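The primary structure of each chain is shown beneath.
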Amino acid sequence: MLQDKDAAQLLPPLIAGLVEQPPWQGFLEALRARLGADYASLVFRPLPLGTPEARVIHLYAGAPSPPEVSRHYRENFYLRDPVPYHAMAEGRSHALADLLAAPVTAPHGASYFRELLAPSGMNHLRMIRCAEPGGVSGWITVTRREADFAAGADRLLEDLAPHLRAALAALVALERERLTADITREAVRRMNFGWLTLDAAGRVCDGDAIGADLLAAAGLSVQGRDGRLTARDPQLRRQLHAAIRELAEQPQARPRALVIHRDPWLDLLLVPSGGRMGATRATPAVLCYLHADHWSSADRCEQLAQLFDLTRSEARLALALSRGATIAEAAPDIGLTVESARTYSKRIYAKTGARGAADLVRFIHRSVLAMA
């Protein structure tokens, strides 16, 4: 168990280091100072092999190897590295002599010390491996040039091991969540959805960057000292204020959708918040989701034609139907009679596999076309 003084000195930066960028700089510096080391490092791979971000992370405090020595390791010595990293007993401190004395390391141990460690001032070394429950290992290394570490160094590292293991598990979980969040954020960005939160009076409480960008394009704005969401168009303004008032007064009311533009498409959805924002901030009354299509109708028709093997006229009709137009409303814009448009719609349903207008909307707006 860590002594109280060591716990007070090392555990706070270990915990705080989870959210540092790069992580654990303060902890490594504190560990280096505590052991009187010239150099302290942590090496780990935060995600499993095969994932896009499965890179090796190398964090350090103090003086690293000279550039020419690091280059020599990468270009010439990497595959002959004699340290049995994965064979090290987990949670036990290892001295350099122990690591290089193992039979598997003996052939290259002397050259490893002579060509890499000694030129880096790493004449004395301690290393410990910690493995979190998911199987990800991290290696803490501390080195000195002039004299070996004091007798208590091994005990300190081994007492630190449970805390390192827990911190490593937390960081691995955070890295996985960050990767998931990055992918999700990119998908949302491609679909061009933004959000705002509103109070019962229609005042904007919060929002994301995409939602803020879409406000101006939607003909909406935040006006007045109270920051109330409003619209330049009088009819849209009345619809917007009426919808916000209804949803704020009736939390069980159905969501309200408003179409702002049709080409390029831009709409918004107002939803009662249902108190889902948690207890750390004031709960808004209404959530406002904004959505825009950066592509023109001509571009979308071309993409639809490619995706579902539609003719140009079929693609134009499919897009119009997916945006709420009836066959009678869409036919004149496309240059078709209503009867011809009905025939075209049957071909569209056959090619897309849709069983009706509702299916067609889902296929078009939930296909990869939405992320193009």
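For the structure itself, look to the data block above.
Note that the coordinates shown come from a computational prediction; the quantities given were computed from them, not determined experimentally. (Residues numbered from 1 in each chain as written. Predicted model: local features only at pLDDT ≥ 70, side-chain atom pairs only at ≥ 80, totals over all residues. Heavy atoms only, no water.)

> Would you explain the sheet that holds strand E2 (residues 57-62) in this entry?
Remark on secondary structure: sheet strands pair via backbone hydrogen bonds, oriented parallel or antiparallel. As summarised here, the arrangement of the 5 strands in space is E2-E1-E5-E4-E3, forming an open sheet in which the pairing is antiparallel. Across the chains shown, the open sheet's two edge strands, defined by having one partner strand only, are E2 and strand E3 (93-95). Mean inter-strand twist for the sheet, computed between neighbouring axes without regard to direction, equals 15 degrees. Of the pairings in the sheet, the one linking strand E1 (residues 39-44) to E2 comprises 6 bridges and is antiparallel in character. Within E2, the position partnered with valine 43 by the bridge is histidine 58. Strand contacts of helix H2 (residues 25-35): E1, E2 and strand E5 (137-144), with the helix running at about 45 degrees to E2, the strand carrying the most contacts. (Pairing = 2+ DSSP bridges. Helix = DSSP H or I, 4+ residues; strand = E, 2+ residues; numbered from the N terminus. Axes fitted to C-alpha atoms, helices over the stretch in contact; angles between N-to-C directions. Contact = heavy atoms within 4.5 Å.)

> Just checking my understanding: could you explain unusual backbone geometry for this structure?
Negative phi characterises most residues that are not glycine, and trans characterises most peptide bonds. At the junction of glutamine 21 and proline 22, the peptide bond is cis and its omega measures out at -5 degrees in the coordinates. If you trace the backbone, proline 22 turns up in the loop between helix H1 (4-16) and H2. Phi angles above zero are rare outside glycine, and tryptophan 24 is one such case at about 65 degrees. Within the secondary structure, tryptophan 24 is located in the loop between H1 and H2. A relative accessible area of 2% means that tryptophan 24 is categorised as buried. Phi at aspartate 309 is positive, roughly 60 degrees, even though this residue is not glycine. Among the structural elements, aspartate 309 can be located in the loop between helix H9 (297-308) and helix H10 (312-322). On the basis of relative accessibility, which here comes to 60%, the residue aspartate 309 falls in the exposed class. (Buried < 20%, exposed > 50% of the residue type's maximum accessible area, 1.4 Å probe, protein only.)

> Which parts of the structure should I look at to understand helix H11 (residues 327-334)?
One turn of the α-helix equals 3.6 residues, which is why residues spaced by three or four share an orientation. Within H11, the full set of buried residues consists of Ala330, Ala331 and Ile334. Projection of H11 onto a plane perpendicular to its axis shows the buried side chains occupying an angular sector of 110 degrees, all on one side. In this structure, H11 carries Glu329, Pro332 and Asp333 as exposed residues pointing more than 90 degrees from its buried face. Buried positions along H11 lie against H10 and helix H12 (338-352). Following H11 by one or two positions, glycine 335 adopts a phi angle in the positive range, close to 85 degrees. (Arc of directions from axis to C-beta.)

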